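Examining the three-dimensional arrangement
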Amino acid sequence: MSARLLRWICTGAALGALCTTALPAHAVPGPQDRSVSALLTELQERYRAAEEATETYNATEEQLEKQRAKAAELNRKLNRARASLRDSRGDAGRFARQQYQGATGLSPYVRLLLARDPQRALDQGHVLHRVAAGRAATIQRLSGGEKRAQELADAARRALAARSALAARQKKQRDEVSGQLKEVHELLAALTPEQLAALRAAEDAGTARAQEEFVASGALGGSPATRAPSRRGEKALDFAVRQIGLPYEWGAEGPDAYDCSGLTYEAWRHAGRAIPRTSQEQWAKLRRIPLSQLRPGDLVVYFPQATHVAMYLGDGMVVQAPRPGARVKVSPIAANPVLGAVRPDPGSRPMRGYTPPKLPEGATSGSDLGYSGDQAPGATDSR
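In what follows, the accompanying structure is described.

What counts, and where the lines are drawn
- Residues numbered from 1 in each chain as written.
- Predicted model: local features only at pLDDT ≥ 70, side-chain atom pairs only at ≥ 80, totals over all residues.
- Heavy atoms only, no water.
- Core = buried A, V, L, I, M, F, W, Y, C linked by side-chain atoms within 4.5 Å.
- Buried < 20%, exposed > 50% of the residue type's maximum accessible area, 1.4 Å probe, protein only.
- Helix = DSSP H or I, 4+ residues; strand = E, 2+ residues; numbered from the N terminus.
- Contact = heavy atoms within 4.5 Å.
- Salt bridge = Lys/Arg side-chain N within 4 Å of Asp/Glu carboxyl O.

Attention shifts here to the nonpolar core. Leu299, Met311 and Val319 are the most contacted members of the largest nonpolar core, which totals 36 residues. For this core, the secondary structure elements donating two or more residues are helix H3 (36-101), helix H5 (118-189), helix H7 (231-242), helix H8 (260-270), strand E2 (299-302), strand E3 (308-314) and strand E6 (338-343). Considering each element in turn, this core owes the most residues, five residues, to H7. In contact with Leu299, not counting residues within four places along its chain, are Thr264, Trp268, Ile275, Gln282, Leu286, Val309, Ala310, Met311, Gly340, Ala341, Val342 and Pro344. Within the second largest apolar cluster, 17 residues are counted, among which are Phe214, Ile289, Phe303 and Tyr312.

Let's shift gears to the side chain of Asp345. Mapped onto the fold, Asp345 is located in the segment after E6. Look at Asp345 and you get buried, because its relative accessible area is 6%. In contact with Asp345, not counting residues within four places along its chain, are Ser230, Arg232, Gly233, Trp268 and Arg295.

The full count for this structure, using the stated rule, is seven salt bridges. In this structure, Arg269 and Glu266 form a salt bridge, with 2.6 Å as the shortest nitrogen-oxygen distance. With a gap of three residues between them, Arg269 and Glu266 both fall in helix H8, about one helical turn apart. On the accessibility criterion, Arg269 (46% relative accessible area) is partly exposed. Residue Arg295 is joined to Asp345 by a salt bridge in which the shortest nitrogen-to-oxygen separation is 3.6 Å. Of this pair, Arg295 sits in the loop between strand E1 (287-289) and E2 while Asp345 sits in the segment after E6; the two residues are 50 residues apart in sequence, bridging distant segments of the chain.

Here's what the structure looks like:
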């Protein structure tokens, strides 16, 4: 891949060419006074910021789930340790009482000297030694149990503190996402129907131009013809296609709504392959592949910080949950600036006799900007 192509993929210059740079906040005019390209740039930046915040929230949610499980397991171990400690203390107490009650008796050594039957006394001494050894083991177990219980109690307190810190961080991130989306909705609400229609036209034109240049660049291997997926890839793609028309909802992973990584995560989980929850982790931990080797079911990751992800459908198209306010749909692969691709099942062979899934009516309808409700131009055309 040429350096020029790599720069184009990572920066999204082809799509950004239609848009002018936004003015500083203190100098930005009202929505009614801005050009369509300036509004499009601002909306793209705001949606991208909201999605970055969403993926950060998702990562914290995943950490929180692991921390909840860890805290629960520590509490179970602590309860078992405390129960064992109670038993050891009971045994130690019984031995202490027996020792006290027999304190005035003769020692085993004296009884041996005075015994009429030395052999029997020796046998009794052996038994006493075994009893003493059992008492020593009980004391040792008691001491170890107390130490173990204390260690578990300390670990459980630390786990609880970590869980509380994660929950507080998650709430802050949730508020940040909500604030980002509120700003988007306020901006859209201030636009006229003519401006919204112009935004749709500008976005469609930008996506068409980006897709044309992307395919012509040879990034997909000279031809975007569909290759065969693996069997799991087919199952994952079939699941994703069946979600077309469901709404985008940040932090959601089904069954009634999805965000971008929630869709890819759940699709591959349905296919029997566990993958990371967030787009950043999917990019970081799954096997990266050249774009020229894309096959259906592979994941296409977007933006320099890997903050968006879609599933490759074939023929230069992807299935994705685009943005808040939008619905799961089929989009050109270059609708967003491509970072690269990953394969959840790199060791699987392509299946034979593959037939691409049949798309529902209106699968490509709707805007990648994620217009909400009746604000969307041509909303009746979308699912």
